[in-house]
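Here is what each chain is made of, one letter per residue.
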Amino acid sequence: MTVDAVIVGSGPGGATVADVLTRAGWSVVIVEKGRNHLLDPDDLSRPAADYSNDELKFVHRHFLGPDPIIEPRTFRTGEEEGDHSHVGEVNSIPTTVGGGGTHADGKVPRFREEDFTLRSTHGPVDGADVDDWPITYDDLEPFYAEAERSVGVAGEAGANPFAAWRSGPYPMPSGAPMYGAVLSTAAAERQGLHPYAAPTAANSVPYDGRPACNNCGFCAFFGCPIHAKGDPVAMLRRAMASGHAELLSETFVARVRSDGRRATGVEVVGPDGATRAIDARHVVIAAGAIETPRLLLLSGIDDPLVGRYLMVHFQTFAIGILPERVHGHKGRAVTHLHDDAVIVDDAARAAARAAGLPWVRGGLVEHGGPSLPVMEAKLYPWGAKHKSLMRSSPMRDRMWAFTMQGEDLAQATNRVDLDPTVRDVRGFPVARITYRPHRHEEVASAHHAPSMVRILQDMGATWTMTATSPQVGGRDHQGREDRRGAEAAVPMSRHVMGTTRMGHDPRTSVVDAYGRVHGLENVVVADSSVFVTSAGYGPTLTLVALAARAATAMVGGSAPS
Ligand SMILES: Cc1cc2nc3c(=O)[nH]c(=O)nc-3n(C[C@H](O)[C@H](O)[C@H](O)COP(=O)(O)OP(=O)(O)OC[C@H]3O[C@@H](n4cnc5c(N)ncnc54)[C@H](O)[C@@H]3O)c2cc1C
Ligand code: SF4
């Protein structure tokens, strides 16, 4: 039997495509290499009950996968390091039904207008490949609105003075603020900044048949036990309820089959290790920005641009210890943001000039609590001191942190390809990441870090520090050497973008403005691989909007109104 579409990956991108296609009556098979903990195996249109607030299970035992021993990736900063300098976890996002949406804490802001026109707005930067997207914010706005309704986003229109225009309000009001964020937003305002309640993919009120978030405190890195996170359970549940979708979990797509002009389906390896073919009229790849280029390369689609222009946000952390308890481990991990560091103002221009760059942009700053109980316990020495430190809890209950998700400029040398020697548990070459930040990221980070420290000091912090990921030259902002060696150069960011760049010209891009692979147009990429710039914002809402736009074009539909 030939289905209308086979979808590789069930994260926010794949789930969105499944929802749009099944609503149009298309038959789809969703293939997911991870296990199914999200949907009830007896009724795949209902959420399962496999999640709990268990730090060991989620953070340390790879409950949602991938286990870096059986599915590693490799890393190097450049060719001079040989085949690779690190084998293990690199930018890992869960490999499970629901993908990263199952355990992201879901801050889902939109990009701004200039994120789509970066080159024409700010100009080129030496050594980077800054470009405009083939679409504008206005093209995507109806799909942003649709994505917010579909996922279920709580937020307050107009709260962020720097936000792009929007055609309507959020579907839900903002949820409760964390106590620490009440303090940090007041301090940020005293510093002349503009904090706002984060648009969040967690229900603030009952929505779409799911309950309101109860601020359990185990959001980032955990599955939601009550399914208050909409992303992507809402879309998968609807697709399965349509009766037009089949879900194959623990099934790895090893190759896209094609006759040279069109894809004819995929070859999969099932949970029993047996290989079989699935015939399909369209193939949608939503495997995430590292596994998508890996699959294209495993399929022999060796356009020299596949895998290039990898971007991950350059993260700058400012951490402070406060005299009072701020309960940073309670609530939705992050409830507030500020965008001031995204804006290229006079001070940013002066910092750029001093560094010999035309401009620098930082990224959105997250206000959050940094530590969980087991994480904290591992930091303290054993014995009586351990007990007293756990009681006074400087590293959890008295700690507050800011994370800037700094814009990462695209560079052709930053890429994903197939590692020449390391294979996964199924015997396939793993993804190798070659990545080194541009100087722009370091300059933007050094320029904006002091402002985050000033907020902590204003809050009354008795101790502060800053750090970056990746660390540059093995040293942090304060010149201290990092003891992790090669691993310190591996970016911790889970915001991964840009490995099958979108554009009109096949000489400079891999897919067109609707995610269709140039020269193989019934293969559609529906994840953040298609991004041209990384902006300074979490990628998920934008990739969901792009996936909805691509799927709408597949079924010949028009933009939602
Ligand atoms: C702790 C954490 C917090 C985060 N917080 C935020 C946030 O606040 N805001 C934000 O915007 N983003 C956040 N993210 C990032 C977010 O999770 C990703 O942007 C999002 O999940 C990407 O969606 P996707 O559908 O493209 O890919 P994924 O979610 O990675 O899903 C891809 C799926 O494809 C499957 N797959 C891959 N290859 C194959 C194959 N060959 N065969 C079969 N299946 C395959 C994978 O197993 C996976 O389940 C966070 C991530 C983490 C880990
Ligand atoms: S904080 Fe809310 S959305 Fe997050 S896991 Fe807990 S109940 Fe779910």
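**Remarks on the side chain of His338**
Logical step 1: In this structure, His338 sits in strand β14 (residues 334-338).
Logical step 2: Of the residues examined, His338 reaches a relative accessible area of 2% and is grouped as buried.
Logical step 3: Among the polar contacts made by the side chain of His338, one reaches the side chain of His367 at a distance of 2.9 Å.
Logical step 4: Sequence-distant contacts of His338, that is, excluding residues within four places in its chain, are made with Leu193, His194, Pro195, Tyr196, Leu364, Val365, His367 and Ile455.

**Re the sheet that holds strand β13 (residues 314-321)**
Logical step 1: Spatial strand order, β7-β14-β15-β16-β13-β19: six strands in an open sheet with antiparallel pairing. What marks the edges here is a single partner per strand, and that holds for β7 (195-197) and β19 (463-469). Direction aside, the axes of adjacent strands within the sheet are offset by 25° on average.
Logical step 2: Sitting on the sheet, helix α5 (residues 179-190) is in contact with β7, β14, β15 (363-368) and β16 (399-406), with an inclination near 60° to β16.
Logical step 3: Strands β13, β14, β15, β16 and β19 of the sheet are contacted by helix α11 (residues 439-459), whose axis makes an angle of about 20° with β13.

**Describing the sheet that holds strand β5 (residues 73-76)**
Logical step 1: With mixed pairing, four strands are arranged side by side in an open sheet as β6-β5-β18-β17. The sheet is open, and its two borders are formed by β6 (86-88) and β17 (415-423), each paired with just one other strand. Neighbouring strand axes in the sheet, compared pairwise and without regard to direction, differ in orientation by 30° on average.

**Considerations on the packing of helix α4 (residues 137-151) against helix α12 (residues 540-554)**
Logical step 1: In the contact formed by α4 and α12, the axes pass within 8 Å of each other and the chain directions differ by 110°. Here α12 runs roughly perpendicular to α4, going by the angle between their axes. For the pair α4 and α12, contact is made by Asp139, Leu140, Phe143, Tyr144, Ala147, Glu148 and Val151 and by Leu541, Thr542, Val544, Ala545, Leu546, Ala548, Arg549 and Thr552, respectively.
Logical step 2: Here the residues of the contact of α4 with α12 sort into 10 nonpolar, two polar and three charged.

**Looking at the site of ligand 1**
Logical step 1: Neighbouring residues of ligand 1: 36 residues in total, closest Glu32, Thr95, Gly100, His103 and Lys107.
Logical step 2: Contact between ligand 1 and Glu32: an oxygen atom at 2.6 Å from a side-chain N or O atom of the residue.
Logical step 3: Separating a nitrogen atom of ligand 1 from a backbone N or O atom of Lys33 is a distance of 3.0 Å.
Logical step 4: In isolation ligand 1 offers 1,000 Å² of accessible surface; the protein chains occlude 95% of this area.
Logical step 5: Taken together, the residues of the shell around ligand 1 sort by class into 13 nonpolar, 16 polar and seven charged.

**What to know about the pattern of salt bridges**
Logical step 1: Counting across every chain of the model gives 34 salt bridges.
Logical step 2: Across the pair Glu114 and Arg361 runs a salt bridge, and its minimum N-O distance is 2.6 Å. Residue Glu114 is located in the loop between β6 and α3 (118-122), and its partner Arg361 is located in the loop between α8 (346-354) and β15; the two are separated by 247 residues in the primary sequence.
Logical step 3: Classification of Glu114 by relative accessible area gives buried; the value is 17%.
Logical step 4: Taken together, the salt bridges that share partners define one network made up of Asp19, Arg23, Glu146, Arg149, Asp208, Arg237 and Arg238.

**Brief notes about the packing of aromatic side chains**
Where two aromatic rings form a pair, the distance of their centres and the angle of their planes describe that pair.
Logical step 1: This structure, assessed with the given rule, holds 14 aromatic pairs.
Logical step 2: For the pair Phe218 and Phe222, a centre-to-centre distance of 5.1 Å together with 90° between the ring planes defines the contact as edge-to-face.
Logical step 3: Taken together, the ring pairs in this structure connect Phe111, Phe116, Trp133, Tyr137, Tyr144, Trp165, Phe531 and Tyr537 into an aromatic cluster.
Logical step 4: Positioned above the aromatic ring of Phe63, the side-chain terminus of Lys57 is 4.6 Å from the ring centre.
Logical step 5: Just above the ring of Tyr309 sits the side chain of Arg501; from NZ or CZ to the centre is 3.9 Å.

The rules we used
Residues numbered from 1 in each chain as written. Chains lettered and ligands numbered in written order. Predicted model: local features only at pLDDT ≥ 70, side-chain atom pairs only at ≥ 80, totals over all residues. Heavy atoms only, no water. Helix = DSSP H or I, 4+ residues; strand = E, 2+ residues; numbered from the N terminus. Buried < 20%, exposed > 50% of the residue type's maximum accessible area, 1.4 Å probe, protein only. Polar contact = N/O pair within 3.5 Å; in protein donor to acceptor, adjacent residues only side chain to side chain. Contact = heavy atoms within 4.5 Å. Pairing = 2+ DSSP bridges. Axes fitted to C-alpha atoms, helices over the stretch in contact; angles between N-to-C directions. Parallel < 35°, antiparallel > 145°, perpendicular 65-115°, else oblique. Nonpolar A, V, L, I, M, F, W, Y, C, P; charged D, E, K, R; others polar. Near = heavy atom within 4 Å. Areas by Shrake-Rupley, 256 points an atom, 1.4 Å probe, with all protein chains shown as cover. Salt bridge = Lys/Arg side-chain N within 4 Å of Asp/Glu carboxyl O. Phe/Tyr/Trp six-rings, centres within 6.5 Å; stacked < 30°, edge-to-face > 60°. Lys NZ or Arg CZ within 6 Å of the ring centre and 35° of its normal.

Functional significance is not addressed by these values, which are geometric in nature.
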